[in-house]
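Fold and geometry: a report
Each chain is listed here by its residues.
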Amino acid sequence: MVRGLIVSTRIVSLFGRIDITDTNGALCYYAKGEFALLRRRWRIFNQDDQELMQIRHKRLAIRPTFLVSGQLGDMVLQRKFFSLKREYWVTGGPYDGAEFKGNLLDLAFTIYHDDKLLAKASEKLISIRDKHQVEMQTDDLNDELFTVAAIVAMQLEKKASD
């Protein structure tokens, strides 16, 4: 069964935390930040506190770059140059060639792999914290985990540019 996810960034958290719940409010995943001098590391956990992935933000890269490792293998997420909206592509791993893009106002985005829509999301405008409602378009758990990694990377870059 295809499900919806709600991504919420916590307001008060020392290093940052992003909760990913289902539409009923049950925790599915969460991401926690850790401090590092040159690059921050975020770890993604499932509801049972098992680490699934790590995302490292490469600080001294020419363009925003995220190194992802874990359950889905190693991959690199990079932002495209000279784009009015946030656009990323993936190199390596099972999602090589995947793209995710935001809209002009940065309130919605889509994730594609092999010309197949994996997920689409929109931001809730009236909310105390950053919240996105994600509609998964497949029932593959790997697609869902990749979507979570992509969302966390986009949120990290958004927070870094704020």
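What comes next concerns the included structure. As the structure is a prediction and not an experimental result, all values here were calculated from the model.

Quick look at a nonpolar patch on the surface
- There is a patch of nonpolar side chains on the surface, built from Ile62, Phe81 and Phe82 and spanning about 450 Å² of accessible area.
- The topology assignment puts Phe81 in the loop between strand E7 (75–79) and strand E8 (87–91).

Considering the sheet that holds strand E1 (residues 4–9)
- Spatial ordering of the closed barrel is given by E1-E2-E3-E4-E5-E6-E7-E8-E9-E10-E11-E12, a layout of 12 strands whose pairing is antiparallel. Averaged over all neighbouring strand pairs, the angle between strand axes comes to 20°, with direction disregarded.
- With five bridges connecting them, strand E4 (residues 41–46) and strand E5 (residues 51–58) associate as antiparallel partners. Following the sheet pairing, Ile44 is matched in E5 by Met53.

Notes on the packing of aromatic side chains
- Scanning all chains against the criterion turns up four aromatic pairs.
- Between Tyr30 and Phe45, the aromatic rings sit 5.0 Å apart at their centres with planes inclined by 20°, giving stacked as the arrangement. Note that Tyr30 is positioned in strand E3 (residues 27–34) and Phe45 in strand E4, a separation of 15 residues in sequence.
- Residue Tyr30 is classed as buried on the basis of its relative accessible area of 8%.
- Ring geometry for Tyr95 against Phe146: centres 4.4 Å apart, planes inclined by 5°, an arrangement best described as stacked.

Brief notes about the side chain of Asp19
- Looking at the secondary structure, you find Asp19 in strand E2 (residues 17–22).
- A polar side-chain atom of Asp19 sits 2.7 Å from a polar atom in the side chain of Arg17.

Digging into the nonpolar core
- In this structure, Met53, Ile55, Leu77, Phe100, Phe146 and Val152 are the most contacted members of the largest nonpolar core, which totals 39 residues.
- At 10 residues, helix H1 (residues 141–161) tops the list of elements feeding residues into this core.
- Those residues in contact with Ile55 that sit more than four places away from it in its chain are Arg40, Arg41, Trp42, Ile44, Phe66, Leu67, Val68, Ala149, Val152, Ala153 and Leu156.

Details of the pairing of strand E11 (residues 116–123)
- Note that strand E10 (residues 108–113) and E11 share six bridges and pair antiparallel. From the neighbouring strand, Tyr112 faces E11, where its bridge partner is Leu117.
- Hairpin connection between E10 and E11: a loop of two residues separates the two successive antiparallel strands, and Asp114 in this loop has a positive phi of roughly 50°.
- Pairing of E11 with strand E12 (residues 131–136), which is carried by five bridges, proceeds in the antiparallel orientation. Bridging across to E12, Ala121 finds its partner in Val134.

Here's the deal with the pattern of salt bridges
- In total, this model carries six salt bridges according to the counting rule given.
- Two residues, Lys101 and Glu99, come together in a salt bridge whose shortest N-O distance is 3.8 Å.
- Owing to a relative accessible area of 27%, Glu99 belongs among the partly exposed residues under this scheme.
- Through salt bridges that share partners, Lys80, Glu87, Glu99 and Lys101 make up one connected network.

What counts and what doesn't
Residues numbered from 1 in each chain as written. Predicted model: local features only at pLDDT ≥ 70, side-chain atom pairs only at ≥ 80, totals over all residues. Heavy atoms only, no water. Patch = residues over 30% accessible without salt bridge, like charges linked within 9 Å, V, L, I, M, F, W, Y side chains within 5 Å. Areas by Shrake-Rupley, 256 points an atom, 1.4 Å probe, with all protein chains shown as cover. Salt bridge = Lys/Arg side-chain N within 4 Å of Asp/Glu carboxyl O. Helix = DSSP H or I, 4+ residues; strand = E, 2+ residues; numbered from the N terminus. Pairing = 2+ DSSP bridges. Axes fitted to C-alpha atoms, helices over the stretch in contact; angles between N-to-C directions. Phe/Tyr/Trp six-rings, centres within 6.5 Å; stacked < 30°, edge-to-face > 60°. Buried < 20%, exposed > 50% of the residue type's maximum accessible area, 1.4 Å probe, protein only. Polar contact = N/O pair within 3.5 Å; in protein donor to acceptor, adjacent residues only side chain to side chain. Core = buried A, V, L, I, M, F, W, Y, C linked by side-chain atoms within 4.5 Å. Contact = heavy atoms within 4.5 Å.

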